[in-house]
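# Structure at a glance
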Amino acid sequence: MRSLLCLDLGTSAAKAALLALDGTTRAQASSGYKTFTAADGGVEQNPADWLRAAEDAITQLLRGADEEPVALSITGQMQDLVLLTEGEPVPAILYSDTRAASDAAEIRQILGREGRTAVEESSDDPGQDGHSGQGGQDGQRAECGGSADAVWERITGNEQDATSCAAMFRRLSRTSPDVVGRARGVVFGPAGYLVHALGLGAWCDVTTASATGLLDARTRRWSDPVARAAGLSRAMLPELTRAIGQVVGRTDESAADLLGLPVGLPVILAPGDAGATTLGIVGLDEGDEYAYLGTSGWLAAVVPETRRDHEDAGSDRPRDAISPDGPAPGISHHLALSGQDDSSAPSPSPSPSSSSTSSFAPPSSWSFAFPSSPPSPSRTLRISALLAAGAAAEWARGALLAGITAEEADDLLERREVEHGRGPTGLLALPSIHGERYPVREPDLRAAIIGMGPSTEAIDMYAAVLEGVAHALAHAAVESAAGVTGPVVGAALASPREPASPGEPASLGDTALPGEPAFAPRPLAVAGGGAGSEPWMRILADVMGRPVRVVEEADAALLGCALAAADALQLEHTIRPLADRDGGRTVEPDPSAVRRHARFRRGHRALYLAVAEVGALR
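Residues numbered from 1 in each chain as written. Predicted model: local features only at pLDDT ≥ 70, side-chain atom pairs only at ≥ 80, totals over all residues. Heavy atoms only, no water.

## Notes on helix H17 (residues 534–544)
The criterion, for reference: When a residue's accessible area, from a 1.4 Å probe over protein chains only, is under 20% of the maximum for its type it is buried; when over 50% it is exposed; and in between it is partly exposed. A run of H or I in DSSP counts as a helix once it spans at least four residues, and a run of E counts as a strand once it spans at least two, with each numbered from the N terminus. Here a polar contact is recorded for every N or O atom pair within 3.5 Å, except that within protein the pair must consist of a potential hydrogen donor and a potential acceptor, and residues adjacent in sequence are included only if both atoms are side-chain atoms.
Counting buried positions along H17 yields 10 of 11 residues, so the element is predominantly enclosed. Among all positions of H17, only Pro535, Trp536, Met537, Arg538, Ile539, Leu540, Ala541, Asp542, Val543 and Met544 are buried. Residue Ser533 occupies the N-cap position of H17, its side-chain oxygen lying 3.2 Å from the main-chain nitrogen of Trp536. Positive backbone phi, at 70 degrees, marks Gly545, one or two positions downstream of H17.

Quick look at the structure:
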């Protein structure tokens with residue numbers, strides 16, 4: 001059985017795997033690298049360490065292998081600024097570096113002064129392929145109102161701050177102009193850096209590009225106004241992929257020295273790690289989604305590209321239906337999953353920053369026995385993140401249950417369920433011990449539990465905290481299904497519907513608030529350490545109103561790499577996302593518990609606002 005060589009250059013290590021076309025993992029290996037931090041907020045890695053670790057992991061992997069892999073597929077961490085220079089590599093600035101706050105503010109001011117012009121130019125720019133942007137100038141003119149401070153968000157479709165690669169580059173130009181002067185181009189993560197090191201030009205997948213603060217979310221091209229404001233020329237920007245997985249060339253003789261790979265191996269650039277992980281867990285078809293319960297938590301959903309996704313970013317709409325002075329609408333990250341869908345556009349050419357000795361040829365002149373990757377339908381990965389999920393549960397065990405273990409707390413929850421049955425505690429809880437990102441954006445928000453009475457016990461309050469996390473994920477699921485970026489305005493004031501008959505199984509669709517869409521009864525995949533708690537999974541199933549399926553996510557990005565490569569090469573295969581595989585654990589919702597939990601949803605959504613208002617009075 002032929003195998004794909006999959007490589008994930010993550011935040012701390014290079015992980016490699018040989019995955020057969022039947023979905024089995026034949027071998028795995030990893031090799032770590034260091035992260036360098038500084039007191040001023042600097043976070044960097046050495047790109048040379050990425051190459052060393054990739055070579056080490058691949059060498060381990062292929063030692064003793066009975067056949068060569070059919071392709072190399074690469075993913076990795078996103079939103080890093082990596083300069084392409086001759087000689088010794090310049091340290092890469094990582095996604096968590098916060099030194100560029102003032103530079104982000106300057107970019108915001110520049111774009112704010114340009115206002116409507118910046119939005120129109122970005123979305124109507126002929127760009128790399130000579131075609132105007134989707135929607136055209138007239139459509140943009142009707143939609144580009146709003147605060148001058150929000151122009152950057154309107155262009156990119158995401159909130160921007162000091163971690164934007166545009167801001168990082170502007171800071172580096174200010175603090176180290178000699179270093180920037182040596183740069184012939186930039187890429188935005190270790191996957192792109194490795195592709196360039198293989199002599200295949202400078203490339204960036206659009207998922208990673210969405211996180212840089214430089215991509216126009218509507219056209220899925222680089223934004224000239226943002227690049228100008230950052231001091232970054234178009235010639236330095238990498239080529240953008242147009243498919244979920246794109247063949248960017250074949251290995252040449254240099255690959256043997258760099259990675260120990262044979263000549264002629266197809267190289268596929270898969271989506272950045274967020275996209276590859278989603279692909280490996282549930283896939284990237286419209287409607288695919290999963291929840292993650294680690295220290296933090298999130299709901300990741302694949303949604304269609306809609307006009308409202310970008311209209312809402314940075315808009316001046318009311319902050320909330322209850323109180324105009326309440327917390328701002330929650331922020332969901334929006335990551336493109338394929339390039340602009342324009343079949344008339346010419347094939348991409350090598351980036352101006354790639355070497356003149358590169359073996360890369362445009363897709364029209366590829367002589368390999370596999371097709372070029374067609375553009376994929378426009379889809380977006382919407383990630384709604386909670387600042388505390390498992391961290392909130394850990395806090396509650398310490399504060400309410402004398403610091404017992406998660407397993408001991410589960411035993412208490414099991415006993416409670418035997419005594420009271422499945423269903424809501426009757427309490428409302430916010431898990432926001434560190435502030436909140438979603439469903440409201442409020443750094444000063446704090447956790448709360450309300451509704452206690454004389455008979456309330458500590459285990460009831462602990463269960464309420466788990467319910468609070470589940471309700472927050474349910475809010476995200478509703479809004480993802482609606483295809484919008486912010487909270488459904490007024491949803492907190494609406495009343496849930498009852499199922500058609502008392503005995504009919506309920507789902508979020510049955511108990512939807514007015515204006516909310518119905519969900520298909522497909523299971524929700526759940527990954528992360530919190531998924532190991534059976535009682536929490538029952539709570540989540542009952543609050544979400546749908547089955548939940550527990551999956552192991554450890555190697556999801558590598559599996560996503562394999563899926564992207566197999567599809568890009570049009571290979572016959574039976575590789576499946578983790579959620580589609582046999583086995584695993586599925587927890588069904590209890591119809592009665594679903595109906596009773598639904599009655600608390602509007603109160604839970606309103607509690608964010610109430611707690612924020614009380615906190616503002618302190």
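That covers the picture; the talk isn't over yet.
## Considering the sheet that holds strand S8 (residues 92–93)
Cut-off, in case you're wondering: Pairing between two strands is assigned when DSSP locates at least 2 bridges connecting them.
Strands sit in the order S4-S5-S8 across an open sheet of three strands; the sheet is antiparallel. One side of each edge strand has no neighbouring strand; the edge strands of this open sheet are strand S4 (36–37) and S8. Of the pairings in the sheet, the one linking strand S5 (residues 43–45) to S8 comprises two bridges and is antiparallel in character. Within S8, the position partnered with Gln45 by the bridge is Ala92.

## Examining the pairing of strand S15 (residues 266–269)
Taking every second residue as pointing to the same face, both faces of S15 are buried, with Pro266 and Ile268 on one and Val267 and Leu269 on the other. Sheet topology places strand S6 (residues 72–76) next to S15; three bridges connect them, and they run parallel. Looking at the pairing, Ser73 lines up with Ile268 of S15. Note: strand S14 (residues 246–250) against S15, four bridges, orientation antiparallel. Note that in S15 the partner of Val247 across the bridge is Ile268.

## Brief notes about helix H20 (residues 601–616)
For clarity, the cut-off: Take the residue count of a helix, subtract one, and multiply by 1.5 Å to get its expected span. At every residue, the bend is computed as the angle between two fitted axes, covering the seven residues ending there and the seven beginning there respectively. Pairs of residues are marked as contacts when any of their non-hydrogen atoms sit within 4.5 Å.
Here H20 spans 24 Å end to end across 16 residues, near enough to the 22 Å set by a 1.5 Å rise per residue. In the structure, H20 departs most strongly from a straight axis at Leu607, where the bend amounts to approximately 25 degrees. Within H20 the residues assigned to the buried category are Arg601, His604, Arg605, Leu607, Tyr608, Leu609, Val611 and Ala612. Residues of H20 that are buried in the fold lie against strand S21 (428–430), strand S22 (440–441), strand S23 (448–450), helix H16 (458–482) and helix H19 (591–598).

## Some points on the packing of aromatic side chains
Put simply, the test is: Between the rings of Phe, Tyr and Trp (Trp by its six-membered ring), a pair exists once the centres lie within 6.5 Å; its type follows the angle of the planes, with under 30 degrees stacked, over 60 edge-to-face, and the other angles tilted.
Taken as a whole, this structure holds three aromatic pairs when the rule is applied. With centroids separated by 5.9 Å and ring planes inclined at 75 degrees, the aromatic side chains of Trp50 and Tyr193 adopt a geometry described as edge-to-face. Of this pair, Trp50 sits in helix H1 (residues 47–62) while Tyr193 sits in helix H8 (residues 190–197); the two residues are 143 residues apart in sequence, bridging distant segments of the chain. In terms of burial, Trp50 and Tyr193 fall into one category: buried. Between Phe188 and Trp222 the ring centres are 5.6 Å apart and the planes differ by 55 degrees, which places this aromatic pair in the tilted class.

## Comments concerning the nonpolar core
Formally: Here, nonpolar core refers to any group of buried Ala, Val, Leu, Ile, Met, Phe, Trp, Tyr and Cys residues whose side-chain atoms link them within 4.5 Å.
Leu299, Tyr462, Val526 and Met537 are the most contacted members of the largest nonpolar core, which has 57 residues in total. Ranked by the residues each element gives to this core, the list is headed by H16, at 14 residues. The residues touching Tyr462, leaving out its near neighbours within four places in the chain, are Ala393, Ala396, Arg397, Leu400, Leu401, Ala409 and Leu413. With 42 residues, the next largest nonpolar core counts Ala17, Ile281, Ala566 and Ala568 among its residues.

## Some details on the pairing of strand S3 (residues 25–32)
Strand direction decides the pairing type here: strand S2 (residues 13–20) and S3, joined by seven bridges, are antiparallel. Directly across from Lys15, in S3, lies its bridge partner Ser30.

## Considering unusual backbone geometry
The omega torsion across Tyr438 and Pro439 is 10 degrees, close enough to zero to call that bond cis. Within the secondary structure, Pro439 sits in the loop between S21 and S22. The backbone of Gln79 sits at a positive phi, close to 70 degrees, despite the residue not being glycine. Of note, Gln79 is situated in the loop between S6 and strand S7 (82–84). A relative accessible area of 17% places Gln79 in the buried class. Phi is positive for Gln570, close to 55 degrees, though the residue is something other than glycine. Among the secondary structure elements, Gln570 is positioned in the loop between helix H18 (556–568) and strand S26 (585–587).

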